[in-house]
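A structural walkthrough
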Amino acid sequence: MTTPFDRIRVGSAPDSWGVRFPDDPVQVPWERFLDEVSEAGYPWIELGPYGYLPTDPARLTDEIAKRDLKVSAGTVFTGLHRGPSEWESTWEHVSQVAALTQAMDAKHLVVIP
């Protein structure tokens with residue numbers, strides 16, 4: 001007999017390593033993040049802030065595969081609460097993240113306000 005817990009997938013994300021922005025020079029380099037996630041035994045990651053991990057799908061696929069990882073979701077950081085002035089740039093950002101997420105065969109977007 002299976003339970004709902006038999007289907008839980010455990011993963012991590014760049015924010016668990018202190019990553020908040022795509023290019024902050026004092027945060028963990030993306031290669032180290034991927035290495036440490038893999039070494040810690042996590043099979044799944046979410047992409048974190050767009051541009052932190054490589055945005056070229058072929059390169060990201062190679063980097064993920066060589067560490068035996070899978071991508072569960074892309075991540076969108078936005079401030080929709082700021083009103084209509086924020087919406088156009090948000091949809092542009094969502095489009096970028098969704099395209100990379102789809103290229104990584106992931107099915108979800110995580111939206112962080």
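Residues numbered from 1 in each chain as written. Predicted model: local features only at pLDDT ≥ 70, side-chain atom pairs only at ≥ 80, totals over all residues. Heavy atoms only, no water.

Here's the deal with the overall build of the chain
- Broken down by element type, the chain carries three helices and four strands.
- Across the chain, helices and strands are ordered from the amino to the carboxyl terminus as β-α-β-α-β-α-β.
- At 15 Å, the chain has a C-alpha radius of gyration in line with the 13 Å of a compact globule built from 113 residues.
- Each of the three principal axes of the chain carries a C-alpha extent, and together these read 50 × 40 × 25 Å.
- Burial statistics for the chain: of 113 residues in total, 36% are counted as buried. (Helix = DSSP H or I, 4+ residues; strand = E, 2+ residues; numbered from the N terminus. Rg over C-alpha atoms; globule rule 2.2 N^0.38 Å. Buried < 20%, exposed > 50% of the residue type's maximum accessible area, 1.4 Å probe, protein only.)

A few points about the environment of histidine 93
- Structurally, histidine 93 is set in helix α3 (residues 84-103).
- Between the alpha carbons of histidine 93 and proline 25 there is a distance of 22 Å; along the sequence they are 68 residues apart.
- With residues near it in sequence (within four places) discarded, histidine 93 still touches Tyr50, Thr75, Val76 and Phe77. (Contact = heavy atoms within 4.5 Å.)

Some thoughts on helix α2 (residues 57-66)
- Listed in full, the buried residues belonging to α2 are Leu60, Glu63 and Ile64. The arc that holds every buried residue of α2, seen down its axis, measures 95°, which confines them to one face. Of the exposed residues in α2, the ones pointing more than 90 degrees away from its buried face are Asp62, Ala65 and Lys66.
- On the buried face of α2, the contacting elements are α1 (30-39), β2 (44-46), β3 (70-77) and α3. (Arc of directions from axis to C-beta.)

So, α1
- Inspection of α1 places Trp30, Phe33, Leu34 and Val37 among the buried residues, and these make up the whole buried set. Along the long axis of α1, the arc covered by the buried residues comes to 95°, so they all point the same way.
- In the core, the buried residues of α1 are packed alongside β2 and α2.
- Two residues or fewer past α1, glycine 41 is found with a positive phi of approximately 95°.

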